[in-house]
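Letter by letter, the chains look like this.
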Amino acid sequence: MKERPSMADGLNAPAKPPLIDRFGRQVTYLRLSVTDRCDLRCSYCMSEKMQFLPKSELLSLEELELVANAFIDRGVEKVRITGGEPLVRRDIGDLIDRLGGRLGNGLEELTLTTNATLLERFADRLYDAGVRRLNVSLDSINPDKFREITRRGSLDQVLNGLQAAKRAGLKIKLNTVALKHQNLEELPDMIRWAHGEGFDLTLIEVMPLGDTGEDRVDQYVPLPDVRASLEDRWALDPLPQHDMNAGPSRYVRVKETGGKLGFITPLTNNFCAGCNRVRITCTGRIYMCLGQDDFIDLRAALRESSDPQASLNAALDEAMFYKPEKHEFRIDARGQDPALSRHMSVTGG
Ligand code: SAM
Ligand code: SF4
């Protein structure tokens, strides 16, 4: 008879250590970018003539799965798939299905950030894989403005995607970047509409990431100003911050609409003390902080090592050692951070 492994061996097997940085923060949240490509060209995110990476530079779906599993084995409970636009990556449904298989086995939440252009096609599949909530970027509900901001998108397609997600049972949070000349006036209408649809909405300050061909000084608006003007019309009741999903968002309940409204203020407010996340680019770089340029290369660990698992774990330890205490965006006269040439679509939002 085949010899059984001893139960004691299993019990004594060393658990892989959690990912804790030098400031005592445990990383439990991974943002995994699966592509830098996108079917839109939002004016604050990328340039009209964005050059995408050659496909050979991207991690394969198998490599992305291996990386995600290495993080989950070391205590990551939440994985957000992002991009570029994650749903344009070929066979992305297969990766989502496989990661969904880790739910209840180390992973507590699998989620996505998407522009929703392909959501009508994917909504049921996402739900079946175990996804329950999505972040959807939407910066205008005026069709002309939407096309102007995204430089090519169709608002109807996105709205159909949102309705499909709702029917599938997915909970939606909208992310809206506040843009001085493009959607500032529209924000109250958007918030009222979103809350009427049962969607939460979070406002985001535009960040100085990557050259987009636009002057960011023309885009940036401080959210404390937006909040003050919303407070002229509505009562905003601050919500407690104990929700692990809140991250850098500060939430209020809008009394008149009953809905939740969030504010992400990377420029006016530093929210790094409780940071529990790292980001991986589609090329396998771990960025320990969105606002700094330091990274650890996982692709080399995966492709050039004779023991990829061991190299991967060593790279994770190194990333924890170098995770900085906080971000420090610096803004030049064009509203750009001279040290941060990479786009949000490369790092993953
Ligand atoms: N394509 C998907 C989408 O738009 O939801 C996922 C990737 S996108 C890079 C993720 C988020 O980053 C979006 O909510 C987008 O609005 C935000 N974003 C992109 N560039 C930004 C910038 N420079 N400042 C602030 N937010 C930005
Ligand atoms: Fe694409 Fe998202 Fe960037 Fe817009 S914000 S260009 S949808 S990656």
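Computed from a predicted model, the values in this text were never measured in an experiment. (Residues numbered from 1 in each chain as written. Chains lettered and ligands numbered in written order. Predicted model: local features only at pLDDT ≥ 70, side-chain atom pairs only at ≥ 80, totals over all residues. Heavy atoms only, no water.)

A. Examining the overall build of the chain more closely. Of regular secondary structure, the chain possesses eleven helices and twelve strands. Here the chain holds 349 residues, and the buried ones make up 53% of them. Counted over contacts in the chain with a minimum sequence separation of 6, partners at least 24 positions apart contribute 72%. (Helix = DSSP H or I, 4+ residues; strand = E, 2+ residues; numbered from the N terminus. Buried < 20%, exposed > 50% of the residue type's maximum accessible area, 1.4 Å probe, protein only. Contact = heavy atoms within 4.5 Å.)

B. Representation of the site of ligand 2. Lining the immediate surroundings of ligand 2 are Cys38, Leu40, Arg41, Cys42, Tyr44, Cys45, Met46, Gly84 and Asn115. Class assignment of the residues belonging to the shell around ligand 2 gives a composition of six nonpolar, two polar and one charged. (Near = heavy atom within 4 Å. Nonpolar A, V, L, I, M, F, W, Y, C, P; charged D, E, K, R; others polar.)

C. Summary view of the pattern of salt bridges. By the definition in use, this model includes 17 salt bridges. Glu48 is paired through a salt bridge with Arg152; the nearest N and O atoms lie 3.2 Å apart. One end of the pair, Glu48, is in the loop between strand S1 (29-33) and helix H2 (61-73); the other, Arg152, is in the loop between helix H5 (143-150) and helix H6 (155-168), and 104 residues separate them in sequence. Accessibility expressed as a relative area gives 34% for Arg152, which makes it partly exposed. We note a salt bridge from Asp94 to Arg125, for which the minimum N-O separation is 3.1 Å. Residue Asp94 is found in helix H3 (residues 92-100), and its partner Arg125 is found in helix H4 (residues 119-129); the two are separated by 31 residues along the sequence. Salt bridges linked by common partners bring Lys16, Asp73 and Arg102 together as one network. (Salt bridge = Lys/Arg side-chain N within 4 Å of Asp/Glu carboxyl O.)

D. Here's a closer look at unusual backbone geometry. In this model, Asp91 sits at a positive phi of 60°, which is unusual for a non-glycine residue. Positionally, Asp91 belongs in the loop between strand S2 (78-82) and H3. Residue Asp91 is classed as partly exposed on the basis of its relative accessible area, which comes to 46%. Although it is not a glycine, Arg151 adopts a positive phi angle of roughly 65°. In this structure, Arg151 sits in the loop between H5 and H6.

E. Local environment of the site of ligand 1. Contacts to ligand 1 come from 18 residues, most closely from Tyr44, Gly84, Thr113, Ser137 and Met207. Residue Tyr44 places a side-chain N or O atom 2.9 Å away from an oxygen atom belonging to ligand 1. The separation between a nitrogen atom of ligand 1 and a polar main-chain atom of Gly84 is 3.1 Å. Relative to its free-state accessible area of 540 Å², ligand 1 is covered by the protein chains to the extent of 96%. Looking at the shell around ligand 1, the elements that each hand over two or more residues are strand S3 (109-114) and strand S5 (171-178). When its residues are assigned to classes, the shell around ligand 1 shows six nonpolar, nine polar and three charged. (Polar contact = N/O pair within 3.5 Å; in protein donor to acceptor, adjacent residues only side chain to side chain. Areas by Shrake-Rupley, 256 points an atom, 1.4 Å probe, with all protein chains shown as cover.)

F. The arrangement of the side chain of Asn115 in detail. Structurally, Asn115 is set in the loop between S3 and H4. Looking at Asn115, its side chain comes within polar contact range of the side chain of Asp39, at 2.9 Å.

G. Structural view of the packing of aromatic side chains. Applying the stated criterion across every chain yields a total of three aromatic pairs. Relative to Phe295, the ring of Tyr287 lies with its centre 5.6 Å away and its plane at 50°, an arrangement referred to as tilted. On the basis of relative accessible area, Tyr287 is assigned to the buried category, the value being 4%. Under the relative-accessibility criterion, Phe295 is labelled partly exposed at 30%. For the pair Phe321 and Tyr322, a centre-to-centre distance of 5.1 Å together with 85° between the ring planes defines the contact as edge-to-face. Residue class for Tyr322 comes out partly exposed when judged on its relative accessible area of 41%. A cation sits over an aromatic face here: Arg132 above Tyr127, 3.6 Å from the ring centre. (Phe/Tyr/Trp six-rings, centres within 6.5 Å; stacked < 30°, edge-to-face > 60°. Lys NZ or Arg CZ within 6 Å of the ring centre and 35° of its normal.)

H. Local environment of the nonpolar core. Among the nonpolar cores identified, the biggest contains 76 residues, and Phe71, Leu134 and Ile286 are the most heavily contacted of them. Here this core gets seven residues from one element, more than from any other, and that element is H2. Setting aside residues up to four positions removed in sequence, Ile286 forms contacts with Phe71, Val278, Arg279, Ile280, Asp294, Phe295, Ile296, Leu298, Ala315, Leu316 and Ala319. Core analysis: the second largest hydrophobic core is formed by 16 residues, Tyr44, Val177, Met207 and Leu209 among them. (Core = buried A, V, L, I, M, F, W, Y, C linked by side-chain atoms within 4.5 Å.)

I. Quick peek at the pairing of S2. Judged by how many residues are buried, S2 sits mostly within the fold: five of five residues are covered. Side-chain alternation along S2 places Lys78, Arg80 and Thr82 on one buried face and Val79 and Ile81 on a second face that is also buried. Of the strand pairs in this sheet, S1 and S2 are connected by five bridges, and their pairing is parallel. Bridge pairing in S2 places Arg31 opposite Arg80. With H2 bridging S1 and the parallel S2, this β-α-β connection has right-handed handedness. With four bridges connecting them, S2 and S3 associate as parallel partners. Note that in S3 the partner of Ile81 across the bridge is Leu112. Crossover handedness for the path S2 to H3 to S3: right-handed. (Pairing = 2+ DSSP bridges. Right-handed = clockwise from strand over helix to strand, strands pointing away.)

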